[in-house]
Every structure is written in C-alpha cells, then in structure tokens.
Amino acid sequence: MREDLHVYDNILQLIGKTPLVKLNKITENFKGEFLAKIESFNPGHSSKDRIALYIIEQAEKNGILKPGNTIVETTSGNTGFSIAMVSIIKGYKCILAVSSKSSKDKIDMLKTMGAKVFVCPANVPAEDPRSYYQVAKRIHEETEGSVYINQYFNELNIEAHFQSTGPEIWKQTEGKITHLVACSGTGGTISGTSRFLKQQNPEIEIIGIDAFGSVLKKYHETKEFDEKEIYPYRIEGLGKNLIPGATDFDSIDRFIKVSDEDAAHTARELANTEGMFLGYTSGAAMQGLKQLNAEGAFDENSKVVVIFPDHGSRYMSKIYSNDWMNDQGFFDFQNEDKTEDIKA
Ligand code: PMP
C-alpha cells in the first residue's frame with residue numbers, strides 16, 4: 001500500500017478519511033462558518049462503510065467470524081451495501097432483510113454486490129414476525145455460524161464513529177468546531193462522534209435531526225416512548241419507530257424535526273447551489289441547519305460541522321425524479337420541470 005501515491009491493496013483501505021467541504025451559497029446569509037463532512041466519499045458511498053468494517057473486524061478479532069461464515073443484517077440499504085462490500089473482500093456470505101420502503105435501486109445494488117435480500121413490509125410493528133428485525137433474527141437463528149450485525153442495538157456502531165468520524169472532525173477543524181449537526185437513525189454516527197468531540201471539549205453542541213413520524217425527539221425530551229409520534233414518512237434512514245440501543249441520548253443536546261417535503265427540496269438545492277449531489281438525509285441535515293440558523297442558534301464565531309451521510313445516485317427514482325416529487329405533492333411537475341423534448 002502506498003497511501004502517499006493513492007495506491008491501495010483493496011477497496012476497504014479507502015474507508016473513512018472523508019473530506020470537510022465549506023458550504024458557500026446555501027449558507028450565504030447565515031451567521032458562522034459551515035463545513036460539510038461528505039460521507040459519500042467512502043467507497044460504498046456512505047458513512048455505513050465505517051461501521052461495517054469496524055464491526056466485522058471486531059468480530060474477527062474476537063474469533064466470532066470465521067472464513068465462509070454468514071453475516072446477517074437489517075438495513076435500509078446503505079449498511080447492507082457496506083456489509084456486502086466488506087464481505088466480498090473478506091470472503092463472507094451476506095444475507096440482508098430490508099424494508100419495502102427502500103428504493104428499487106438500493107435493492108438491486110445489494111443483489112449486484114452478491115447479497116441475498118429479503119424485502120419486508122415497512123409499516124408493521126417491530127415485533128411483527130414480518131418486520132425486517134424479526135426476519136433477520138430468524139435467519140440468524142436458523143443459520144449456523146452466522147453473525148448478526150444488529151446495528152440498531154450494537155454498541156460497536158457507536159464505537160466505530162468514536163474511533164473514526166469523531167477524531168477526523170476534531171483534527172479537520174483543528175479543535176475549533178462549536179456545533180455538530182447530524183442525522184439520527186440508529187444513532188451510531190451522532191452518538192459516537194459526539195462522545196469523542198465532547199471528550200475533547202464538552203462545550204460543543206450536538207444537534208440531532210429527526211423526522212416527523214419518528215419517536216426520537218419526544219423520547220429525548222421526556223424519556224417516554226410515545227406511540228402517537230409514529231406515522232409513515234418518506235425519508236429513508238433517519239428517525240425511528242423504536243428506541244435504538246445504539247443511540248446515546250445523553251450525548252445529544254437536542255433534536256429538531258424536518259419534514260419530508262422540506263428535506264427533499266433542500267437536497268435538490270444542495271445540488272444546484274453547492275454542486276453536491278447527495279442523499280435524502282443530507283437534504284434533511286441541511287434543512288435542519290436552515291431551521292437552526294433561522295431560530296438564531298449560531299453566531300459569527302460558530303464553526304458548524306454537518307454530516308452528509310450518503311450519495312444522490314441512490315435516490316434517482318425518488319427525490320431526483322420530477323414524477324415522484326409531483327406524486328408526493330411536493331411540486332407541480334407541469335410548472336417546475338425545465339426539460340424540453342425536441343421532437344425526432
Ligand atoms: N442517512 C442515511 C441515508 C442512513 O442510511 C442512515 C442510517 N440509518 C443515517 C442517515 C443515520 O445514521 P445513523 O444510523 O448512524 O444514525
């Protein structure tokens with residue numbers, strides 16, 4: 001491996017060390033400086049590469065994983081892709097139970113990466129035997145020598161970010177970061193990064209992004225699980241209908257909620273203001289930043305890092321499809337589509 005020449009032994013050596021890129025036009029009238037941690041620079045195009053590699057290597061170290069064994073997981077797509085990628089290089093079988101809410105593109109990608117995929121209904125309770133949690137659990141129990149990554153309840157998910165994302169951000173900002181804004185799904189990213197940053201400087205404010213239709217914000221504020229908070233929403237990978245064990249709620253100062261519609265428009269705005277073609281939750285994180293700025297959360301001395309979790313190519317049939325946007329009632333296709341067809 002010659003990292004100085006950008007020559008690597010395999011694709012896994014490129015995981016992490018993602019860039020921090022200044023936001024310019026989209027934050028033009030904001031107070032403070034805004035830096036985006038662009039996780040789509042990982043080889044699997046998302047932050048989930050970090051946890052896949054870390055958790056699998058910990059299982060190898062502990063003698064749990066042996067060559068040829070099966071790795072099982074529940075995933076909205078990104079973690080599955082990362083586990084499949086790591087499995088190919090390291091020689092493991094990969095079985096994934098995914099939500100029917102995941103885009104077809106994501107499911108096709110997982111299959112391309114050699115995974116066996118079970119598509120499970122999205123809007124059933126976690127305890128239902130058809131939910132992707134229960135399906136993965138059953139496969140794990142039925143498959144001898146299998147390892148269940150269990151990202152929602154695995155402390156190693158937090159540790160992966162404590163070991164990589166946190167130190168990277170601290171170094172990249174030369175210890176000057178004042179705020180971290182990050183999406184919360186499993187909670188691994190925000191909790192692990194926060195634990196590291198707060199260890200360096202407890203004053204850093206950590207703000208989680210949650211979705212309308214998810215229980216996280218209310219639970220953080222009341223420590224009560226309120227079922228009334230739960231209803232279907234469109235953003236994939238953000239928010240939750242249960243309390244994830246991989247979320248350290250004490251490491252998060254507060255949550256704010258963003259809407260499906262605002263997040264979708266803001267993702268598009270990131271593309272056409274900053275040239276950043278990113279996923280739906282990146283739009284959600286940026287939308288959160290806008291709301292925070294509007295409520296006066298920042299000042300001239302703020303140095304804010306926002307984590308953008310994945311790449312836009314995974315959302316072509318959703319937020320980057322005018323038809324899809326129109327179907328959701330997010331905009332008027334007739335009036336807003338700028339394409340012109342030249343007749344043959
Ligand atoms: N964005 C996307 C696209 C994701 O897939 C996830 C993971 N579910 C997140 C954000 C949230 O990250 P975390 O699970 O570490 O909270």
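Treat the numbers as computed from the prediction; the structure is a model and nothing was measured.

*Asks:* Please clarify how the overall build of the chain should be interpreted in this entry.
*Replies:* Counting its secondary structure elements, the chain contains 12 helices and 10 strands. Expected size for 344 residues packed as a compact globule is a radius of gyration near 20 Å; at 20 Å, the chain falls within 12% of this value. In terms of overall dimensions, the chain has a C-alpha envelope of 55 × 55 × 50 Å along the principal axes. Across the chain, the fraction of contacts at a sequence separation of at least 24, relative to all contacts at a separation of at least 6, is 72%. Taking the average place of the 39 positive charges on the side chains of the chain and the average place of its 49 negative ones, the gap between the two points comes to 3 Å.

*Asks:* I keep staring at the packing of helix α6 (residues 165–172) against helix α7 (residues 188–200) and nothing clicks. Help me out?
*Replies:* Look at α6 against α7: their axes get within 7 Å of each other, and the N-to-C directions meet at 45 degrees. By the angle between their directions, the pair α6 and α7 is classed as oblique. Where α6 crosses over α7, the two elements pack in a sense that is right-handed. Contact residues: α6 offers Thr165, Gly166, Pro167, Ile169 and Trp170, while α7 offers Thr193, Phe196, Leu197 and Gln200.

*Asks:* Sorry if this is basic, but what is going on with the sheet that holds strand β3 (residues 70–75) here?
*Replies:* Spatial ordering of the open sheet is given by β5-β4-β3-β6, a layout of 4 strands whose pairing is parallel. Across the chains shown, the open sheet's two edge strands, defined by having one partner strand only, are β5 (116–120) and β6 (146–148). The average angle at which neighbouring strand axes cross in this sheet is 20 degrees, direction not considered. Alignment of β3 against strand β4 (residues 93–99), held across 6 bridges, turns out to be parallel. Bridge assignment links Thr75 to a residue of β4, and that residue is Val98. Seen against the sheet, helix α3 (residues 104–112) touches β4 and β5 and runs at an angle of roughly 155 degrees to β5.

*Asks:* Can you help me understand unusual backbone geometry in this one?
*Replies:* Excluding glycine, residues mostly carry a negative phi; peptide bonds, for their part, are mostly trans. A positive phi angle, close to 50 degrees, is found at Lys17, a residue other than glycine. Of note in this structure, His45 is not a glycine but carries a positive phi near 65 degrees. Positionally, His45 belongs in the loop between β2 (33–38) and α1 (48–61).

*Asks:* Explain the packing of aromatic side chains to me, please; I cannot follow it from the model alone.
*Replies:* Two descriptors summarise a pair of aromatic rings, namely the distance from one centre to the other and the angle between the planes of the rings. Within the structure shown, the criterion is met by 10 aromatic pairs. Pairing Tyr133 with Tyr152 gives two aromatic rings, centres 6.1 Å apart and planes at 80 degrees, and the pair type is edge-to-face. On the criterion of sequence distance, the pair formed by Tyr133 in helix α4 (residues 132–142) and Tyr152 in the loop between β6 and α5 (155–163) is long-range, its members being 19 residues apart. We note that Tyr133, like Tyr152, is buried. On the basis of an interplanar angle of 80 degrees and a centroid distance of 5.9 Å, the ring pair of Trp324 and Phe330 is categorised as edge-to-face.

*Asks:* What is the right way to look at the pairing of strand β10 (residues 303–308) in this model?
*Replies:* The two faces of a sheet get side chains in turn, since along a regular strand they alternate between them. Extensive coverage of β10 is indicated by the burial of 6 of its 6 residues. Residues Lys303, Val305 and Ile307 of β10 are buried on one face, and the alternating residues Val304, Val306 and Phe308, pointing to the opposite face, are buried as well. In this sheet, β10 lies alongside β2 in parallel orientation, the contact comprising 6 bridges. Bridging from a neighbouring strand, Leu35 pairs with Val305 of β10. With 3 bridges connecting them, strand β7 (residues 179–183) and β10 associate as parallel partners. Among the inter-strand pairings, Val181 is bridged to a residue of β10, identified as Val306.

*Asks:* Help me understand the side chain of Arg314, please; the structure alone is not making it clear to me.
*Replies:* Structurally, Arg314 can be placed in the loop between β10 and α11 (322–327). Within the structure, the side chain of Arg314 is placed 2.7 Å from the backbone oxygen of Gly44, a separation counted as a polar contact. A distance of 2.4 Å separates the side chain of Arg314 from the side chain of Asn78, its partner in a polar contact. Other than its neighbours up to four places away in sequence, Arg314 contacts Gly44, His45, Ser46, Asn78, Phe81, Ser103, Asp105, Lys106 and Met109.

*Asks:* Teacher, can you tell me more about the nonpolar core here?
*Replies:* One recurring pattern in soluble globular proteins is that nonpolar side chains are buried together. Grouped together as the largest cluster of nonpolar side chains are 39 residues, with contacts concentrated most on Leu23, Tyr280, Leu289, Phe308 and Ile319. Mapped by element, the contributors of at least two residues to this core are β2, β7, β8 (205–211), β9 (254–258), α9 (260–274), α10 (280–294), β10 and α11. For this core, the element with the most residues is α10, which contributes 6 residues. When neighbours within four sequence positions are excluded, Tyr280 is seen to be in contact with Arg234, Ile235, Glu236, Asp260, Ala263, Ala264, Asp310, Tyr315, Ile319, Trp324 and Phe330. Among the nonpolar cores identified, the runner-up in size contains 27 residues, and Ile71, Val86, Tyr92 and Ile149 belong to it.

*Asks:* I keep staring at the site of the ligand and nothing clicks. Help me out?
*Replies:* Lining the immediate surroundings of the ligand are 16 residues, of which Lys48, Gly185, Thr186, Thr189 and Thr281 lie closest. Between the ligand and Thr189, the relevant distance is 2.5 Å, taken from an oxygen atom to a side-chain nitrogen or oxygen of the residue. In the complex, 98% of the free accessible area of the ligand, which totals 390 Å², lies under the protein chains. By residue class, the composition of the shell around the ligand is 3 nonpolar, 10 polar and 3 charged.

How each quantity is defined
Residues numbered from 1 in each chain as written. Predicted model: local features only at pLDDT ≥ 70, side-chain atom pairs only at ≥ 80, totals over all residues. Heavy atoms only, no water. Helix = DSSP H or I, 4+ residues; strand = E, 2+ residues; numbered from the N terminus. Rg over C-alpha atoms; globule rule 2.2 N^0.38 Å. Contact = heavy atoms within 4.5 Å. Lys, Arg positive; Asp, Glu negative; His and termini not counted. Charge placed at Lys NZ, Arg CZ, Asp CG, Glu CD. Axes fitted to C-alpha atoms, helices over the stretch in contact; angles between N-to-C directions. Parallel < 35°, antiparallel > 145°, perpendicular 65-115°, else oblique. Left-handed = near helix turned anticlockwise from the far one by under 90°. Pairing = 2+ DSSP bridges. Phe/Tyr/Trp six-rings, centres within 6.5 Å; stacked < 30°, edge-to-face > 60°. Buried < 20%, exposed > 50% of the residue type's maximum accessible area, 1.4 Å probe, protein only. Polar contact = N/O pair within 3.5 Å; in protein donor to acceptor, adjacent residues only side chain to side chain. Core = buried A, V, L, I, M, F, W, Y, C linked by side-chain atoms within 4.5 Å. Near = heavy atom within 4 Å. Areas by Shrake-Rupley, 256 points an atom, 1.4 Å probe, with all protein chains shown as cover. Nonpolar A, V, L, I, M, F, W, Y, C, P; charged D, E, K, R; others polar.

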